[in-house]
Amino acid sequence: MGIVKTLNSFLGSFVNNFTFYALFIILTIIIFYLLLYYVSSLKEKRIAKYSIDSLKNNDKPFFEVVSDIYLLFRNHITKLLKKSTVFSKYSLKYNRYITYDNEKDICAMDYISNKFLIAFLFIFLTIITNTIIPHMFSIFQMIFFGFIGFFVIDIYFIIYDITKKKQIEQDLLNAIIIMNNAFRSGNSTMQAIEIVSKELKGPISQEFKKMHLEISYGLSLDVVFERFSKRVESKEVNYITSSLSILNKTGGNIINVFSSIEKVLFDKRKLKQEMKSLTSSSKLVSIFLLVLPIMFIVLVSALNREYFLPLITTTVGNILLVIILLLYSIYIFVVIKIMNVRYY
């Protein structure tokens, strides 16, 4: 144990000293370049009144220069990672986030490179924090924050998928109305989907562009909507997919089918808005009840910091803390289940 402590303290002091001198050198270089920039700007002001400005300005903003350097590093890392079959298979899950707007600028492996760069950035910030605020350096601290940095993009995409699903569900009725009007005007399926992709904006426009491309490859309308349903995982899209699958098997008038889908989606949206207005006050009360215990703990801790210490420092307190957290989790689950009203 003594050897481990000595090694840990030596490693911490070495890293702290190394990062201190590294930061000192970096700050010196930055100050030196800022002075050069200041001197050159003074000379430029003196000469500017005797010269004619060029019509083409080749100067780049600072953030654009930083962005170019970052992209250069990312492209080098991407080239290295593409040689690995493991990372090539791992990057396939990010193909779904490549849209028609950025497919020429980014590939799936670039997301893996971004994850590594963000992880290194988190580790670097951890080292700087340990240098500015000296305390015992821990390698596990670096691993922990590097792990968090590596999965920051995944957390972002989870939030992105939730917001994307909500936007698609909100714009789906408009898309069905446009398709139904296009069918009534004598347009084909491909033309109706193309009109939707051009008329609407946001995630649903990207999805209908994919559907248009899939139909051009020879897939039927029900298969295209089935693939769309798997990407979005929405109940409204599942209903449309089921309706089109029945239409494909039994036959019928596509205008009548889409008119029926339009009516059903309109009724569901109307019912959803009515339920939202009726349950808004109850949801506000439930949110307040969920936050109330946390507010109580913060308030009591501000008045007396040692009030909740027995819950952490004693064995009985630890058992009670586990029971409290378990009861609070059950309480949250029950409240969410009660407030989750299914209207279809």
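Below or above, wherever it landed, is the structure these notes cover. (Residues numbered from 1 in each chain as written. Predicted model: local features only at pLDDT ≥ 70, side-chain atom pairs only at ≥ 80, totals over all residues. Heavy atoms only, no water.)

1. As for the overall build of the protein chain
Keep this limit in mind: A helix here means a DSSP run of H or I that spans at least four residues, while a strand means a run of E at least two residues long, and both kinds are numbered starting from the N terminus. Throughout, a residue-residue contact means that at least one pair of heavy atoms, one from each residue, lies within 4.5 Å. Surface accessibility follows the Shrake-Rupley procedure with a 1.4 Å probe radius. Residue values consider only the protein chains on display as shielding.
Summing up its helical and strand segments, the protein chain has 13 helices and zero strands in all. Reading the protein chain from its N terminus to its C terminus gives the helix and strand order α-α-α-α-α-α-α-α-α-α-α-α-α. The long-range fraction of contacts in the protein chain, counting pairs at least 24 apart against all pairs at least 6 apart in sequence, stands at 62%. Carbon and sulfur atoms form 69% of the exposed surface of the protein chain, whose accessible area is close to 24700 Å².

2. A look at helix α13 (residues 315-339)
Since there are 3.6 residues in each turn of an α-helix, residues three or four apart along the chain are aligned in direction. What counts, and what does not: One fewer than the residue count of a helix, multiplied by 1.5 Å, yields its expected span. Per-residue accessibility, obtained with a 1.4 Å probe over protein chains only, is compared with the maximum for each type, and a residue is labelled buried under 20%, exposed over 50%, and partly exposed between these values. Here a polar contact is taken to be a pair of N or O atoms separated by no more than 3.5 Å, where protein atoms must pair a possible hydrogen donor with a possible acceptor and residues adjacent in sequence count only if both atoms sit in side chains.
Between its first and last C-alpha, α13 extends 36 Å over 25 residues, near the 36 Å set by a 1.5 Å rise per residue. Within α13, burial applies to Gly317, Val335 and Met339. The distance from a side-chain oxygen at the start of α13 to the backbone nitrogen of Gly317 is 3.1 Å, and the residue carrying that oxygen is Thr314.

3. Side note on the pattern of salt bridges
Which entries qualify depends on this criterion: Just to be clear on terms, a salt bridge is a Lys or Arg side-chain nitrogen sitting within 4 Å of an Asp or Glu carboxyl oxygen.
All chains considered together, the criterion is met by nine salt bridges. Where Lys164 meets Glu207, a salt bridge forms, and the shortest distance between an N and an O atom there is 2.9 Å. Of this pair, Lys164 sits in helix α6 (residues 152-184) while Glu207 sits in helix α8 (residues 203-216), placing them 43 residues apart in sequence. Assessed through its relative accessible area of 15%, Lys164 is described here as buried.

4. Some remarks on the side chain of Asp171
Applied cut-off: The charge count includes Lys and Arg as positive and Asp and Glu as negative, but it does not include His or the ends of the chains.
In this structure, Asp171 sits in helix α6. Buried charged residue Asp171 carries no salt bridge. Nearest counter-charge: Arg269, at 6.0 Å. When neighbours within four sequence positions are excluded, Asp171 is seen to be in contact with Leu200, Lys201, Ile204 and Arg269.

5. Details of a positive patch on the surface
To keep things clear, this is the line we draw: Patches were defined on residues exceeding 30% relative accessible area and lacking a salt bridge, with like-charge contacts within 9 Å and nonpolar side-chain contacts (Val, Leu, Ile, Met, Phe, Trp, Tyr) within 5 Å. By convention, the charge on Lys lies at NZ, on Arg at CZ, on Asp at CG and on Glu at CD.
Together, Lys166, Lys272, Lys276 and Lys283 make up a positively charged patch on the protein surface. Here the positive patch gets three residues from one element, more than from any other, and that element is helix α11 (residues 254-303). As for its position among the elements, Lys272 is in helix α11.

6. A few points about the side chain of Arg74
Looking at where Arg74 falls in the secondary structure, it is placed in helix α2 (residues 62-81). Once residues within four sequence positions are removed from consideration, Arg74 is found in contact with Asp105, Ile106, Asp110, Ser113, Asn114 and Leu117.

7. Comments concerning the packing of aromatic side chains
Quick note on the threshold: In this analysis, rings of Phe, Tyr and Trp, with Trp reduced to its six-membered ring, are considered paired at centre separations within 6.5 Å, and the interplanar angle assigns stacked below 30 degrees, edge-to-face beyond 60, and tilted for intermediate values.
Here the structure, examined in full by the defined rule, presents 20 aromatic pairs. Between the aromatic rings of Tyr97 and Tyr160, the centroid separation amounts to 6.0 Å while the plane-to-plane angle is 65 degrees, which identifies the pairing as edge-to-face. Taken together, the residues Tyr97 in the loop between α3 (85-90) and α4 (108-132) and Tyr160 in helix α6 connect sequence positions 63 residues apart. Taking the relative accessible area as the measure of exposure, Tyr97 reaches 12% and is therefore buried. Residue classification places Tyr160 among the partly exposed residues on the basis of a relative accessible area of 26%. Within the aromatic cluster, the residues linked to one another by ring pairs are Tyr90, Tyr94, Tyr97, Tyr111, Tyr156, Phe157 and Tyr160.

8. A closer look at the environment of Ile153
Relative to the helices and strands, Ile153 is located in helix α6. Each C-alpha atom of the pair Ile153 and Tyr111 lies 8.0 Å from the other, and the pair is 42 residues apart in sequence. Residue contacts for Ile153: discarding those within four places in its chain leaves Tyr111, Asn114, Lys115 and Ile118.

9. Examining the packing of α8 against helix α9 (residues 221-232)
Note the cut-off: To get an axis, a line is fitted to the C-alpha atoms, and for a helix only the part in contact is used. The angle between two axes follows their N-to-C directions and goes from 0 to 180 degrees. Helix crossings fall into two classes, left-handed where the near helix is turned counterclockwise from the far one by less than a right angle and right-handed where it is turned clockwise.
Following both chains from N to C, one finds α8 and α9 inclined at 145 degrees, their axes separated by 10 Å at the closest point. Note that α8 runs across α9; the crossing there is right-handed. Contacts between α8 and α9 involve Glu207, Lys210, Met211, Glu214 and Ile215 from the former and Leu221, Val224, Phe225, Arg227, Phe228 and Arg231 from the latter.

10. A look at the nonpolar core
Under the convention used in this document: Take the buried residues of types Ala, Val, Leu, Ile, Met, Phe, Trp, Tyr and Cys, join any two whose side-chain atoms come within 4.5 Å, and each joined set is a nonpolar core.
Grouped together as the largest cluster of nonpolar side chains are 29 residues, with contacts concentrated most on Met179, Phe208, Phe225, Phe228 and Ile240. Of all elements in the fold, only α6, α7 (189-199), α8, α9, α10 (235-250) and α11 reach the threshold of two or more residues within this core. Those residues in contact with Met179 that sit more than four places away from it in its chain are Ala192, Ile193, Val196, Phe208, Phe225 and Phe258. Residues Tyr94, Ile106, Tyr111 and Ile118 belong to the second largest nonpolar core, which totals twelve residues.

11. A short note on the packing of α10 against α11
The condition that has to hold: Angular relationships are summarised with four words: roughly parallel below 35 degrees, roughly antiparallel beyond 145, roughly perpendicular across 65 to 115, and oblique for the angles in between.
Where α10 contacts α11, the axes come no closer than 11 Å and their chain directions differ by 160 degrees. Classed by the angle they form, the pair α10 and α11 counts as roughly antiparallel. For the pair α10 and α11, the sense of crossing is right-handed. Contacts between α10 and α11 involve Glu236, Tyr239, Ile240, Ser243, Leu244 and Leu247 from the former and Ile254, Val257, Phe258, Ser260, Ile261, Val264, Leu265 and Lys268 from the latter.

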